Structures are given as structure tokens and as C-alpha cells.
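Given next are the chains, with one letter for each unit.
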Amino acid sequence: MEIYQFIGFGKVAKPKTMKNILLYTLLLLSVTAKSQNIIWLSPNADKYQQKPYVSETATLEIEVKILASTIPKTDDITILRDGTAITGKNGEGVMQYTTYTNTVALKNGEQTIVIQYKDKYGIHKSPPLKVFYAAGKPSLHVFAIGTNPADLQYTAHDAWDFANAFRGQATGTNALFEKVKVKTLIGEEATAAAMRQMVNSAATDYHAGKIQPQDVVILFVSTHGFVDEFDKQLYLKGDDYNAYSNIATSLGYQKILNMFNRIPCKKLIFLDACYSGAGKRNSNSKAINDAIQQLSRTQDGLVTMTSSSEDQVSYEDDAWESGAFTEALLQGLQGKADGSDGSYKNGIISLDELCTYANATVPQLVKNKKSEIQIPNRTRDDLGNLALFAAANFDKNTLPFPKGNTPEPPKPVRNLPNMVFVKGGTFQMGSNEGRDNQKTIHSVTLDDFYIGKYEVTVAEFEKFVTATGYETDAEKDGNSRVYTTTWETKVGIYWKHDAKGNLRPRSDYNHPIIHVSWNDATAYCKWLQETTGKGYRLPTEAEWEYAARGGNESKGHKYAGTNDESSLYRYANFADKNIDFDWSVKSQNDNYTYTAPIGKYLSNELGIYNMSGNVWEWCSDWYGSDYYKNSSSNNPQGANSGTDRVLRGGSWSSMPLRCRIAYRNFSAPKNRSYSTGFRVVFP
Ligand SMILES: [Ca+2]
Ligand SMILES: [Ca+2]
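The present account deals with the structure reproduced in this document. Everything numeric in this text was worked out from a predicted model, so none of it was measured. (Residues numbered from 1 in each chain as written. Chains lettered and ligands numbered in written order. Predicted model: local features only at pLDDT ≥ 70, side-chain atom pairs only at ≥ 80, totals over all residues.)

## Focus: the overall build of the chain
As a reminder of what qualifies: To qualify as a helix, a DSSP run of H or I must reach at least 4 residues; to qualify as a strand, a run of E must reach at least 2; elements of each kind are numbered from the N terminus. Exposure classes come from backbone-placed C-beta atoms, where a residue is buried if 20 or more other C-beta atoms lie within 10 Å of its own, exposed if 12 or fewer do, and partly exposed in between. By definition, residue pairs are in contact when their C-beta atoms, positioned from the backbone, come within 7 Å.
Scanning the chain for helices and strands turns up 13 helices and 33 strands. Within the chain, the fraction of its 683 residues that count as buried is 48%. Summarising the internal contacts of the chain: among those between residues at least 6 apart in sequence, 69% fall at separations of at least 24.

Spelled out as C-alpha cells, the structure:
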């Protein structure tokens, strides 16, 4: 057995089984065959081949294992720093069996350490170890990304507030950092391309010397995330995210790690990777956390903290004016985290203290407001005692939240569609003008109902899609109908696009939803039903016409709100002088070429908007061209069967004739276009 001690496997149990004896023999043969080896034990040079090991102190404890055919002597060992032999700080070092330890004095900056061992066979060198040491304080680099999804209020604010809280950390007597540099991407500027560029800039800044190895880099990201079904990777959605090019419009978490792996700093990632639902964030947090845990563990000097743990949802609330996670982090930095991990209070918040405080506080906040469970999660604790923040230098309001980046996300997403009460009654449905399908004026009696004051907006529809993951017919089939200079079916167009097929800016989410089929409109109503317990549905054709006529306050107008075709521009968005159709009315200007935001024109007698024009509106009925001849008089529901559903009211592309209240249009239930939308009724 002595032979094993001789080559120095002192820390390994002696072989007791045949299998182990065989392994030992193979190892021995391999050592002998390759002659001598010097292996770094500490620091582990394998981990630092490309980037330097960053020493916090001016001296470095080293430990190597020397595999040799004879017992090494300390005299035979030399420490080379940048090729020059130096003596160890404590003299000649210690040789214990095959393990050699010593303490090396470091120069300022980067240097290469090599351990050399000389025997009768020659000189043997360890792999080089790059070491970086900097006297003085590190600098802090904060990168903060906050997109502005319509279903969440505070993601952009969170990123802004978190980043700016650090601005004061380089000032005053207790400043922890030499410099603090803050970069933010907020709201619309946080496109996927800009996010990638920001992450890349950390690596380029490092190679340009703007970020030093001893520095601390913090990345804070607050946005929706998803785990791709094909590559199982976590992606963080850009503000320009669209489902058709979901990867291209997102930032891969793996991409962040790849870039961060190139820089040897201490890297902290705070991730609020929201997933869905108003006021809720990542509802598939298990998949997200699994992806983060798996990836981050392999990265050096990197801690990732997420806003919630497995199978939990992250929340935000008006009372905090932020997500629970950011609220707790900011409270912690302001001083509440000091001593939270059991250490004494010293005014300095360490990473451990901040994480401990967030872990204790987020569940409380969420339990109090939402009666739900949310516990933040972190990948590992090897940077735990990193001093992060001097509480006295908390600086939340150095800069106001940027204007022009939609600081207040569209409010309607929080609200249900605005509804107008329509008192039931009896009216004369149909008209003797126009096509035959409108003729046979007949008496119809309706019960009371409520109808949408406006057409359903893009923001309202997005709320539904975000909550349910619903795919519209346009998305399933991969196209919709748009108007460019001609009418055309265009690939890749769906509810996020405008009538020309361009992606709508978020500021246009107050326009009516278009590119939705009857099926889509019905699915939206069903979701509203399930969410509210109220009987949301599409209006019947009779309800639509009665409401458009002004119900029991009707003045008998031809168009919703007016009988005067020459003043239609005040009541409706139709084919006016702004668009060049053969049938455009060049004498009128309604100010909009395509769709107009809801509520832009005058309402009808009941205070309902855009019943004439803007977008065609789906009704629940099957279309029957001669239905009026044998319609039931009491709450008629339309034809018993058919191939098309009813569309009413005309649109931005219609001549006045088609914007008349009595005008009947129709299309197949899965058809959708630049001009088809809807509004809802209940019960
Ligand atoms: Ca118009
Ligand atoms: Ca309309």
C-alpha cells in the first residue's frame, strides 16, 4: 500500500475492492507514463483558463498537487510570477505528501502564476494561472431592463427604481464602490434587439477595460418570460415581442449567461420573469426556475435571484406601486435588510441579507394583499457575503421616471369593457332602402341588456390572450386580410397588427381590435364570462340594431347618432377624404385613414360610440338573407343555421351606405380582416 502514499493519493481511501485496485493501478500507470504532473487545487486553474482569477486580497493562497516518481522537496519547487521566480511570502512553502501550499504576493493588475518543479527528469510546469488583483474599491455596473406589457402596470417602473436606487453608492464616506454606472432600457426602448445589445455591451465594456475584473455587475430584468417548447430554454420577451417570431423578439437567458461567462466579475441577476395575468407574473415559474437553476449552477461567480419559486405566481399591486419582489428589494436596500441574516447591523446590506429579507418579506406582502404564496428563489449562495449597498446612500429618486415611455400602461386592460344599459322595448327592425336583405320591416321586442360603450380594444383583447394563451384564427392560419395599396391576404398578420399589416405601437392599443374572426370574438366573450361570472356574449343582430338606433330614446336616425350624411364625419370613421377609394367621400374629413381610437367621434342617443363605422362588428346570429320575413318577434336569435355570421355597422373602409344602421353584412365564422372587430353585451 505504501506505493499509493508515495504517489500521493493520501486523501483517497485505500482500495479495498478489486475494482478500486484496478482503478488505482490504471491511475498509477497513467502518472508514470506521462511522467510528472502539477495540478492546481486552489485556485482551480481549470475554471479560470480564459479569464483571470480575481483576488480580493494582495496575497493569494495557492495549493497544487505534484504527481511525481520521487517524493518532492520544497527546494525543488519555484513560484514564477510573470516568468520571474519569486519566493513565497511565508518562505518556502509547505510540502505535505504531494500537496504543496504557499502564499504568493500579488502585483496590482493582471499576472500569471506558474508553479515549477525540478527533478532528475527535468523541469515540470503547472498550467499558467491568470490572477487579477486591484488595490482600491471595485466599481458597480447596473443594467436594468423593464418592458411594459399591457397586462402589468409596474414592470418598467420596477427596473427603473431598482437601478436608480444604486446611484448613490459611490458617494459619501461609506461608499462601497469606486464608481456606479447605471444603464437602463425602459418600456418601448426595451426591444429584444436593444436587450441583446445591452447584454453584449457588458462584455465589450469588459474587454475595453471599462469593467474591471474586481467589479460587480448587476442585471435586473422585469418582463414576461417563456420556456420554448422546442429547445426548453428560457426566453425573456422584448417590448416588441410578437408570437410569430417569438425567439427573435426575445432575449435568451442562455445568451445572458454566455456573455456573462466571458467576464470574471461578480455577477448578480435579479429576474422578475413574469408570465401572465393582470397583477400576476410568472404562472409557469416552475419551468422558468428549473431552467435558471440548471443553467446558472454551471456559471462561475454568478447568482440569480428570481421573484418566485416553483409553481408560484409573482404579484404586483397598486398599494406597492411595484411587483412584490421589487418592493421587498427596495425596502431591504433602504436598510430593513440590515442584519436580517443574523449578522450584526452595520449599515451595509450584503447579498445574503438582501436575499434573506426578500425571502421573508415577499411572502408576507403577497399573503396580506392576495392571500397567495410567493417565495423568491436563488440559485446559490457563494457570493453571499458580498457587500452590496450602504443603506444610508439609498437613492431612489435621483432621476424621474422617463416621460414618453408610457409610464402609465393602458388602463383599460385592468378594466372590463365599459358597458351602457339598454332598456328593453319594441322597435321596427329593417329598412325599405338598400338591399333586399334589409327589407320587410318587422316589429321586434327585446329584454333589457347592457352593450359595450365602445368596440373591444386591442388592449382588452390582449388581456384575454395573455391570460389564456389563446391563438386567433389569423394566427392558426398564418394570415389575415390587409389593405396596403390594394386588398391582399398577408402572411403573419394577426391581432397585434393594424389595417395595413404593421405591428401596432402600444400607444395604439386603444384602437378597436381587428383581424379577429367570429370564433375569436366568441372565445373572448366566453373568457369574460368565466372571469366575471357575468353572461358576456356577442349581441344578437336585433340587439345591435336596437342599440344603434338609440333604444327607447331613438330619434330614428339612419346612422348611429345622425340622420345627416354630410355630417357623418362627426359621428363615424368611414371612407372619407383620407383614403383613396373609388367610393371615398372626398368632401368629408373624419381625420383617420384606417382605424381610429375608440370614442373619437360623437355618440348616439344612448351614449354608445362607433356603432356606425370604424370596424365591422360581429353579431351572434347565423346570417339568413330572408330571415326578416319569418323572424321571431321576441328576442330573435337569427337563422337556425347557416354558413355566415352577421357583421354590422360598416368600417373605416366603408362608404356611408354601408355604415347605415340597417345595413346587413356577413362573413364565414373564421374569416378575419383589417376591418372586422366586435363589441360585447350581457347578460
Ligand atoms: Ca376615415
Ligand atoms: Ca363600429
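## Re the sheet that holds strand S29 (residues 616-622)
Convention followed: For two strands to be treated as a pair, DSSP must find no fewer than two bridges joining them. Working convention: axes come from line fits to C-alpha atoms, limited for helices to the stretch in contact. Angles between N-to-C directions cover 0 to 180 degrees.
Taken together, four strands build an open sheet; the order of strands is S31-S30-S29-S32 and the sheet is mixed. Looking at which strands have only one partner, the edges of the open sheet turn out to be strand S31 (664-667) and strand S32 (676-677). In this sheet, S32 lies alongside S29 in parallel orientation, the contact comprising two bridges. Counterpart to Trp-616 in the pairing with S32 is Thr-676. Against the sheet, helix H12 (residues 541-548) touches S29 and strand S30 (645-648), its axis set at about 140° to S29.

## Considerations on the environment of Thr-173
With respect to the helices and strands, the residue Thr-173 is situated in the loop between helix H3 (155-165) and strand S12 (180-186). Taking the number of C-beta atoms within 10 Å as the measure of exposure, Thr-173 has 7 and is therefore exposed. For the pair Thr-173 and Asn-393, spaced 220 residues apart in sequence, the C-alpha separation works out to 9.9 Å.

## Remarks on the sheet that holds strand S33 (residues 681-682)
Read across the sheet, three strands follow the order S23-S26-S33 without closing on themselves; strand pairing throughout is antiparallel. Two strands bound the open sheet, and with one partner strand each, they are strand S23 (419-422) and S33. Examined bridge by bridge, S23 and strand S26 (residues 449-452) share four bridges and lie antiparallel to one another. Directly across from Met-419, in S26, lies its bridge partner Gly-452. Docked against the sheet, H12 engages S23, S26 and S33, running at close to 75° with respect to S26.

## Digging into H3
Within H3, eleven of the eleven residues are buried, leaving the element largely enclosed by the surrounding structure. For H3, the complete set of buried residues consists of Thr-155, Ala-156, His-157, Asp-158, Ala-159, Trp-160, Asp-161, Phe-162, Ala-163, Asn-164 and Ala-165.

## Focus: the environment of Cys-619
Mapped onto the secondary structure, Cys-619 falls in strand S29. Filtering out sequence-adjacent residues up to four positions away, Cys-619 remains in contact with Leu-538, Pro-539, Thr-540, Glu-541, Trp-544, Arg-645, Val-646 and Arg-648.

## A few points about the nonpolar core
Where a protein is soluble and globular, its nonpolar side chains tend to be buried together. Quick note on the threshold: The term nonpolar core refers to a group of buried residues, namely Ala, Val, Leu, Ile, Met, Phe, Trp, Tyr and Cys, whose C-beta atoms join them within 7 Å.
Ranked by size, the top nonpolar core spans 70 residues in total, and within it Phe-461, Ala-521 and Ala-547 carry the most contacts. Those elements giving two or more residues to this core turn out to be strand S25 (442-446), S26, helix H9 (458-468), strand S27 (479-483), helix H11 (518-532), H12, S29 and S30. For Ala-547, the residues in contact, after removing those within four places along its chain, are Val-422, Ile-451, Leu-606, Ile-608 and Met-611. By size, the runner-up hydrophobic cluster in this structure holds 68 residues, among which are Ala-165, Ile-186, Ala-324 and Ala-358.

## Overview of the packing of helix H7 (residues 324-336) against helix H8 (residues 351-370)
In plain terms, the rule: Relative orientations are named as follows: roughly parallel for angles under 35 degrees, roughly antiparallel for angles over 145 degrees, roughly perpendicular for angles from 65 to 115 degrees, and oblique for any other angle. A clockwise turn of the near helix away from the far one marks a right-handed crossing, whereas an anticlockwise turn of less than a right angle marks a left-handed crossing.
The contact between H7 and H8 brings their axes to 8 Å, and the two run at 130°. Overall, the two elements H7 and H8 adopt an arrangement that is oblique. H7 and H8 meet at a crossing whose hand is right-handed. Taking contact as the criterion, the partners of Ala-324, Phe-325, Glu-327, Ala-328, Leu-329, Gln-331, Gly-332, Leu-333 and Lys-336 in H7 are, on H8, Leu-354, Tyr-357, Ala-358, Thr-361, Val-362, Leu-365 and Val-366.

## Quick word on the pairing of strand S10 (residues 129-133)
Burial of the side chains of S10 is restricted to one face: Leu-129, Val-131 and Tyr-133 are buried, whereas none of Lys-130 and Phe-132 on the reverse face is. Looking at chain direction, strand S2 (residues 53-55) and S10 are connected through three bridges and run parallel. From the neighbouring strand, Ser-55 faces S10, where its bridge partner is Tyr-133. Pairing of strand S8 (residues 109-119) with S10, which is carried by five bridges, proceeds in the antiparallel orientation.

## A short note on unusual backbone geometry
Residues Ser-42 and Pro-43 are joined by a peptide bond in cis, for which omega reads -10°. For Pro-43, the location among the structural elements is in the loop between strand S1 (37-42) and S2. Note the cis peptide between Phe-682 and Pro-683, where omega equals 5°. With respect to the secondary-structure elements, Pro-683 resides in the segment after S33. For Asn-614, which is not a glycine, the phi torsion comes out positive at approximately 70°. Here the phi dihedral of Asn-635 falls at roughly 45°; this positive angle occurs in a residue that is not glycine. Along the chain, Asn-635 turns up in the loop between S29 and S30. According to the C-beta neighbour criterion, Asn-635 is partly exposed, with 14 such atoms within 10 Å.

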